[in-house]
Each structure stands twice: as structure tokens, then as C-alpha cells.
Amino acid sequence: VTSYLQDIAPDLCDRVELYDKRIPLFDKFNIEEEINNMLSKRVPLPNGGSLVIEQTEALVSIDVNGGHGMFGHGSSKEKAILDVNLAAAKQIARELRLRDIGGIIVVDFIDMADDSNKRLVYEEVKKAVERDRSMVKVSELSRHGLMEITRKRVWFSNSQFSLCYLAFVHLLGLMKC
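Values in this document were obtained by computation on a predicted structure and should not be read as measured data.

Thresholds applied
Residues numbered from 1 in each chain as written. Predicted model: local features only at pLDDT ≥ 70, side-chain atom pairs only at ≥ 80, totals over all residues. Heavy atoms only, no water. Helix = DSSP H or I, 4+ residues; strand = E, 2+ residues; numbered from the N terminus. Buried < 20%, exposed > 50% of the residue type's maximum accessible area, 1.4 Å probe, protein only. Contact = heavy atoms within 4.5 Å. pLDDT = per-residue confidence, 0-100. Pairing = 2+ DSSP bridges.

Asks: What is the right way to look at the overall build of the protein chain in this model?
Replies: When its secondary structure is counted, the protein chain shows six helices and six strands. Each helix and strand of the protein chain, placed in order from N terminus to C terminus, yields the pattern α-α-α-β-β-β-α-β-α-β-β-α. Residues counted as buried form 34% of the 177 residues belonging to the protein chain. Within the protein chain, contacts between residues at least 6 apart in sequence are counted, and of these 58% link residues at least 24 apart.

Shown next as C-alpha cells:
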């Protein structure tokens, strides 16, 4: 690896370390699970909700779905919806980076009655995309709970990644034989 890096990016050679632990590297860092999540349309949220990510030719739609704890009434229901939407805001920013999603992204958050909660979700998305090295623009939530995000793709699309991943898995399979 270091000899390859020496030719391609010599300034990165000092970052390479030998991993010699008993637990396989992919298992220790849950890499396989992360790759499977990245290739899946449905992404679970820590609080029981989920995201459904659909890529079309014109745009990407992300639908935020609530979990089982969304059956409260009044302010407790609004609080549960806010919690799911805030968790979704963080995860959406992460998915945009991991999948390198670019173009127009339309997010359908769970409807909230309180305008201050809509503002909190908007601010959470703005804060979460600050880590992104790509140019990202976020619009405020519409009265219907929709948010438009535009993002410039950094590298390649998820479908291109799928081909690379399948080739990698195939290569590993050949190496084990």
C-alpha cells in the first residue's frame, strides 16, 4: 500500500498503519453494514424512524417516516415528530456525503404544526451539512414540510459505486478460493 501511495500521493504515506488485531477490520468498524445501508433505499434512524431515498433522473427524493413512538397526542406527538425530524436532518447530511448525492434533493419531513420546530429542523440541516466539502444550499421548510437542497456531486454516483463494490466483492471472493 505504501509503495502505491508513494507514486500516487506521497503525502499520505505517513497515515498508513498496519492493522494486526484479531478482529477483522471490516467487522470492527461495521464497514459491511454501512455499505449495505448505503446501497439500500431504506435507512433506519436511531429513534425508530427511517428515511426512504429514491434517486430519479431529475432529482432525489428523501421521505422521512416516523417510528412506532409517533402515536402520542398534542404536544407529546409534536415532540416525537420533532425528534424524528431532527434525527433525520443529521442522517440526511450524512447520506448526502456517503452516497455523494448531487443535484436537486427534495426532502419530505413529517409535518409539524409549530413554526419554531420547523425552524429548528432547518437549522439542524444547515449545521449538519457544514461538514460537507461540496457546495450545499438548503432552503427553509415549506408549509407542507418540504425542503429543497442542492448539492454539487464530488466524485461519482451511487450506481457507479455499486459497480465498484461488486467488482471489489468479486475480487475478494476470487482471493478466498
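Past the structure itself, the notes keep going.
Asks: Looking at this model, I keep getting lost on the confidence of the model for the protein chain. Mind explaining?
Replies: Detailed conclusions should not be drawn from predicted coordinates in areas where pLDDT is low. Overall, the prediction assigns the protein chain a mean pLDDT of 85, with 82% of residues at 70 or greater. Residue range residues 173-177 is modelled with pLDDT below 50. Its contacts to residues more than four positions away, or to other chains, number zero contacts.

Asks: Where do I start with the pairing of strand 4 (residues 103-108) in this structure?
Replies: Within a regular strand, side chains alternate between the sheet's two faces. As judged from the four bridges shared by strand 3 (residues 60-65) and strand 4, these two strands associate in the parallel manner. Bridge pairing in strand 4 links aspartate 63 to aspartate 108. Both strand 4 and strand 6 (residues 146-151) contribute to a ladder of six bridges, which runs antiparallel. Considered in strand 6, the bridge of isoleucine 104 is made with threonine 150.

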